[in-house]
Amino acid sequence: MQIDRERRWAPRLAGALMTALVCAAAVLIQAQGQPATPAQTAPPPKQDTAKPGELGYTDTPLIPGQKWRVHDPERPAPPLVTPGAAPGAPPSDAIVLFDGKDLSKWAHSQKGQLTDAKWKVANGYFEVAPKTGGIVTREPFGDVQLHIEWAAPAEVRASSQNRGNSGVMFMDGRYEVQVLDMLSNRTYPDGGAASLYGQYPPLVSAPRPPGEWQTYDIVFEAPRFEGNKLVKPAFMTVFWNGVLAHNRKELLGPTLHRQATKYVPHENELPLLLQDHGDLVRYRNIWIRRLKGYDAAERL
Ligand code: MG
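Residues numbered from 1 in each chain as written. Predicted model: local features only at pLDDT ≥ 70, side-chain atom pairs only at ≥ 80, totals over all residues.

J.: So, the overall build of the chain: which residues are in play, and what are the values?
T.: Helices and strands together make up the secondary structure of the chain, namely three helices and 16 strands. Counting across all 300 residues of the chain, residues that qualify as buried make up 26%. Summarising the internal contacts of the chain: among those between residues at least 6 apart in sequence, 60% fall at separations of at least 24. (Helix = DSSP H or I, 4+ residues; strand = E, 2+ residues; numbered from the N terminus. Buried ≥ 20, exposed ≤ 12 C-beta atoms within 10 Å, placed from the backbone. Contact = placed C-beta atoms within 7 Å.)

J.: Tell me what's going on with the nonpolar core, and back it up with residues and numbers.
T.: Within the largest apolar cluster, 47 residues are counted, with the highest numbers of intra-cluster contacts made by Val 168, Val 177, Ile 218, Met 236 and Val 238. Excluding residues that lie within four positions of it along the chain, Ile 218 makes contacts with Leu 146, Val 168, Val 177, Met 236, Thr 237 and Val 238. (Core = buried A, V, L, I, M, F, W, Y, C linked by C-beta atoms within 7 Å.)

J.: Give a description of unusual backbone geometry that names residues and reports values.
T.: Its identity is not glycine, yet His 71 carries a phi of approximately 65°, on the positive side. Mapping His 71 onto the fold places it in the loop between helix H2 (38-41) and strand S1 (95-98). If you check the backbone angles, Ser 160 has positive phi at about 50° while not being a glycine. With respect to the helices and strands, the residue Ser 160 is situated in the loop between strand S7 (144-151) and strand S8 (166-169). Looking at Ser 160, the number of C-beta atoms within 10 Å reads 13, which means it is partly exposed.

J.: Describe the sheet that holds strand S9 (residues 175-179), and please don't skip the residues or the numbers.
T.: The strands that make up a sheet pair up through hydrogen bonds in the backbone, lying either parallel or antiparallel. Read from one edge to the other, the open sheet built from six strands follows the order S3-S2-S6-S15-S8-S9, with strand pairing classed as antiparallel. This sheet does not close on itself; its edge strands, each paired only once, are strand S3 (113-116) and S9. (Pairing = 2+ DSSP bridges.)

J.: Please set out the pairing of strand S2 (residues 106-110) residue by residue, giving values where relevant.
T.: By the bridge criterion, two bridges tie S2 to strand S6 (residues 135-137) in an arrangement that is antiparallel. Within S6, the residue paired with Ala 107 across the bridge is Val 136. One ladder, built from four bridges, connects S2 with S3; its direction is antiparallel. Residue pairing in the sheet places Ser 109 in a bridge with Leu 114 of S3. The hairpin turn running from S2 into S3, its antiparallel successor, is two residues long, and Lys 111 in that turn takes a positive phi close to 50°.

J.: Just give me the short version of the environment of Lys 229, but keep the residues and values in it.
T.: Structurally, the position occupied by Lys 229 is in strand S12 (residues 229-232). Separated by 34 residues in the primary sequence, Lys 229 and Tyr 263 have C-alpha atoms spaced 9.1 Å apart.

J.: Account for the confidence of the model for the chain, with residues named and values stated.
T.: Note that predicted coordinates carrying low pLDDT should not be read in detail. Taken as a whole, the chain shows an average pLDDT of 88; of its residues, 82% reach a score of 70 or greater. Confidence drops under pLDDT 50 across residues 13-39; counting only partners more than four residues distant or on other chains, this segment forms one contact. (pLDDT = per-residue confidence, 0-100.)

J.: Report on the pairing of strand S16 (residues 282-290), specifying residues and quantitative values.
T.: Here S1 runs beside S16; their pairing, made up of three bridges, is antiparallel. Each bridged residue has a counterpart across the sheet, and for Phe 98 the counterpart in S16 is Ile 286. Where strand S5 (residues 125-127) and S16 come together, two bridges link them in antiparallel fashion. Its bridge partner being in S16, Phe 126 is matched across the sheet by Tyr 283. Both S7 and S16 contribute to a ladder of seven bridges, which runs antiparallel. Each residue of the ladder has a partner; that of Val 144, found in S16, is Arg 290.

J.: So what's going on with the environment of His 277? Which residues, and what values?
T.: Relative to the assigned elements, His 277 resides in the loop between strand S15 (273-274) and S16. Classification of His 277 by C-beta neighbours within 10 Å gives partly exposed; the count is 17. Counting along the chain gives 114 residues from His 277 to Arg 163, while the straight-line C-alpha distance between them is 9.7 Å. Filtering out sequence-adjacent residues up to four positions away, His 277 remains in contact with Asn 165, Ser 166 and Gly 167.

Here is the structure:
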């Protein structure tokens, strides 16, 4: 009896299995030939179909000093920036001033005449060529965010201001963030690495050894003049190897050697300068972003 029952059910079971397989195959073939299901491609909901309050409020008070309400749905969305692929890499709206290949964005400047930069380019970096003079960007800048990497010479030769000296100098050399080998190197504090030269030492000293790459991430706000009158001083924020060295510090004027400073009117935008102080300082991965104010974007 047992055998008979198995014989009777076996063909039926096989038939059912075959049907199930054919159905599954048909579903698969259909799915492959058709576009993805609506759930996978559905666009984000339109703003006018959003639930009340979901994208802002129109019955809220004004933010003090602003024309926008708290959670104002009409406020412009900020511009979209794609960040760099890795930490330190340029974001999508940055101007790359050196990508490891050439100095085409830089020049020597003498009495307004620009000539090609003579500093040495090798292996993804460039190096000061002593006595050729500083190099300036061919493009002028005002308010900016700057990322720059530098290395003092691995071979330590001198001391104090003559050990790996260079400088990141905004507005055609006027406002310097000092570059100097600071490891076991004593110098006057307002002239050390990351100092606002002749005005403020950094809040802390965060050096890497000579020969190693170091980073400055700087926010520079250019001064504003109306005629001969200063209407807004310059401000500098500096991160040195990721450590805060200056927090929107007000500059007293141009950074000077052995002199007290005061502002002298100049243009709103001027080139960035890297200093030739006679030492074989290297630079790489330099990018800059022009800064805009809040609410500068088109409404999305
Ligand atoms: Mg210097």
